[in-house]
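# Breakdown of the fold
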Amino acid sequence: MSEIKPVSISYVDFKAGKDFTEEVTEAFGANGLGLIVVRDLPDFQKERQAALRAIRKFADLPEETKEKYTDSKSNYSVGWSHGKEKMRNGVPDTAKGSYYANPLDDVITDDQYLKENFPELYADNIWPGEDMPELEPAFKEMTHVQLGVGYMICELFDRYLHSKTNGLHPAGHFLEMLRRGTTCKGRLLHYFPAPPTASKSQDGLCGWHLDHGGITILTCPLYLDMQRNEIPAPSDCGLHIKHPTDGSIVKVTLPPDCMLVQLGESFQYLSGGHLRATAHCVKSSQTPDITRETLALFMDWMPEEVMKLPEYTRPYSEVVHTPFLPEGVPELEGRIKGAKHYRDFAKNTYTAYYCEK
């Protein structure tokens, strides 16, 4: 395993109109890691600290209290989820707990048909107002910052594809699609201290997978001891990527004042394979009594968005192929098959990754 410095771009340079064609190609082309780092952002450390400390505090609550904020009907896609997700060949993932919510609105529809048939996308937010009222505002303030970064990167992709396809890709197309989306999902993540029997495998905290949505915006993790004091990041854990050229595993680190943006499978598909997603995992630390906190924002399309390849697409077999796909990870081709709309693809993916149907 090696550590690699990912491609990065400056927020200031983007605002100044700099051309990032070379960086996008290196980061998201066939040989890229499927991610990019955004630096020189306006300060957001107050929001980051508040959100990440909030999920640690929530995770420390009694089990019966946390259980009040779970929702099995949505496949645990809103509220608290622990031990429900399948990773590593169908084994339930108990290494982490998640708190999910839509950052755009607490209620995105009153249509009961949609809520009953696609609860993963349309379920109302659940907040622990009675037991931990500070979690909701902390989540919303940090995800507001992440949304701005996501729209920036989507605008960058539109510029890139418009140029690369000689105008076949309409200017602003994906940014407009993403702005129409109402089903974004924020995920506060708490990684529990590693038990003595913790897996020493590469994917010991969060198993190998690919994000299925549009783009994912990640904060730098916060590492805390048992007294909730911040500590330096352990050297033996973190985000790892399957390199698409040779299947080697590379570690990616992120400074606290930057954000990392990863591509999702649906963006890969809708871009006709010109932008690529990659398999990734979070490796366990063998150091005891340490927790890892982070916040991932998944920016998605409208549920009724048609999953259609563009006229400038690469060959279908190339579009749906993931090089060196880890064992046990469901293939994109199997989940995209028969999915006319994005909500169909999302439901297929939730079903593939979660224990309870």
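A brief structural summary. (Residues numbered from 1 in each chain as written. Predicted model: local features only at pLDDT ≥ 70, side-chain atom pairs only at ≥ 80, totals over all residues. Heavy atoms only, no water.)

## A look at the packing of aromatic side chains
For clarity, the cut-off: For Phe, Tyr and Trp, where Trp contributes only its six-membered ring, two rings pair if their centres lie within 6.5 Å, and the inter-plane angle classes them as stacked under 30 degrees, edge-to-face over 60, or tilted in between. Every helix listed is a DSSP run of H or I at least four residues long, and every strand listed is a run of E at least two residues long, numbered separately from the N terminus. With a 1.4 Å probe rolled over the protein chains alone, any residue whose accessible area is under 20% of its type maximum counts as buried; one over 50% counts as exposed, and the rest are partly exposed.
For the structure on display, the rule yields 11 aromatic pairs. Geometrically, the ring pair formed by Phe174 and Phe267 is tilted, given 4.6 Å between the ring centres and 55° between the ring planes. Here Phe267 lies in helix H9 (residues 265–270) and Phe174 lies in helix H8 (residues 173–180), a separation of 93 residues in the sequence. On the basis of relative accessible area, Phe174 is assigned to the buried category, the value being 1%. Clustering of aromatic rings is evident, with ring pairs tying together Phe58, Tyr69, Trp80, Tyr99, Trp127 and Phe139.

## Digging into the state of the cysteines
Note the threshold: Note that a disulfide, as used here, is simply two cysteine sulfur atoms within 2.5 Å.
Scanning the model with the defined rule gives zero disulfides in all. Cys258 provides the cysteine sulfur closest to Cys220, a residue in no disulfide bond, and the two sulfurs are 8.6 Å apart. Assessed through its relative accessible area of 8%, Cys220 is described here as buried.

## Here's the deal with the environment of Ser98
What counts here: Note on contacts: a residue pair qualifies if any of its non-hydrogen atoms lie within 4.5 Å across the two residues. Under the rule applied, a polar contact is a pair of N or O atoms within 3.5 Å (in protein, one hydrogen donor and one hydrogen acceptor; residues adjacent in sequence only if both atoms are side-chain atoms).
In this fold, Ser98 is placed in strand S7 (residues 96–101). Judged by its relative accessible area of 2%, Ser98 is buried. Other than its neighbours up to four places away in sequence, Ser98 contacts Gly79, Trp80, Ser81, Arg187, Leu188 and Leu189. Of the polar contacts made by the side chain of Ser98, one reaches the side chain of Arg187; its length is 2.8 Å.

## Details of helix H12 (residues 342–353)
Condition: Each residue after the first adds 1.5 Å to the expected span of a helix. By construction, the arc corresponds to the directions joining the helix axis to the C-beta atoms.
An ideal rise of 1.5 Å per residue puts 16 Å on 12 residues; H12 measures up with 17 Å between its terminal C-alpha atoms. Buried residues of H12: Tyr342, Arg343, Phe345, Ala346, Thr349, Tyr350 and Tyr353, and no others. Along the axis of H12, the buried residues cluster in a sector spanning 160°; they form a single face.

## A look at the side chain of Gln262
Secondary-structure assignment places Gln262 in strand S14 (residues 259–263). Given the relative accessible area of 2%, Gln262 is considered buried. Engagement of the side chain of Gln262 in a polar contact is seen with the side chain of His280, the distance being 3.4 Å. Those residues in contact with Gln262 that lie beyond four places of it in its chain are Gly34, Leu35, Asp211, Gly214, Ile215, Thr216, Leu218, Ile241 and His280.

## As for the packing of helix H3 (residues 45–59) against helix H7 (residues 135–164)
Axes are the key here: two packed helices are described by the angle between their axes and the distance separating the axes. For clarity, the threshold we go by: Axis definition: a line fitted to C-alpha atoms, limited for helices to the stretch in contact. Angles are taken between N-to-C directions and run from 0 to 180 degrees. Roughly parallel means an angle under 35 degrees; roughly antiparallel means over 145; roughly perpendicular covers 65 to 115; every other angle is labelled oblique. Left-handed describes a crossing whose near helix is turned anticlockwise from the far helix by less than a right angle; the clockwise case is right-handed.
Put simply, H3 and H7 touch, their axes get as near as 8 Å, and they point 140° apart. In this view, H3 runs oblique relative to H7, as classed from their interaxial angle. Our pair here, H3 against H7, has a crossing hand that is left-handed. Of the residues in H7, those touching H3 at Glu47, Arg48, Ala50, Ala51, Ala54 and Phe58 are Leu135, Ala138, Glu141 and Met142.

## Brief notes about the pattern of salt bridges
The cut-off we apply is this: Note on definitions: salt bridges are taken to be side-chain nitrogens of Lys or Arg within 4 Å of carboxyl oxygens of Asp or Glu.
This structure, assessed with the given rule, holds 16 salt bridges. A salt bridge links Asp60 to Arg228; its shortest N-O distance comes to 3.1 Å. Highlighted residues: Asp60 in the loop between H3 and helix H4 (63–67) and Arg228 in the loop between strand S11 (222–224) and strand S12 (238–242), separated in sequence by 168 residues. For Arg228, a relative accessible area of 34% translates into the label partly exposed. Where Arg159 meets Glu155, a salt bridge forms, and the shortest distance between an N and an O atom there is 3.0 Å.

## Observations concerning the pairing of S7
Quick note on the threshold: Here a strand pair is declared whenever DSSP counts at least two bridges between the two strands.
The buried count for S7 comes to six of six residues, which makes it a mostly enclosed element. What you see with S7 is no split at all: Lys96, Ser98 and Tyr100 on one side and Gly97, Tyr99 and Ala101 on the other are buried throughout. Summarising the sheet, strand S4 (residues 79–82) and S7 pair through four bridges and their orientation is antiparallel. By the bridge assignment, Ser81 is partnered in S7 with Ser98. As paired strands, S7 and strand S8 (residues 185–191) are joined by six bridges and run antiparallel to one another. Bridging from a neighbouring strand, Ser98 pairs with Leu189 of S8.

## Notes on unusual backbone geometry
We note that Asn75 has phi near 60°; this positive angle belongs to a residue other than glycine. We classify Asn75 as buried; its relative accessible area is 6%. Phi is positive for Phe324, which is not a glycine, with a value near 55°. Judged by its relative accessible area of 39%, Phe324 falls in the partly exposed class.

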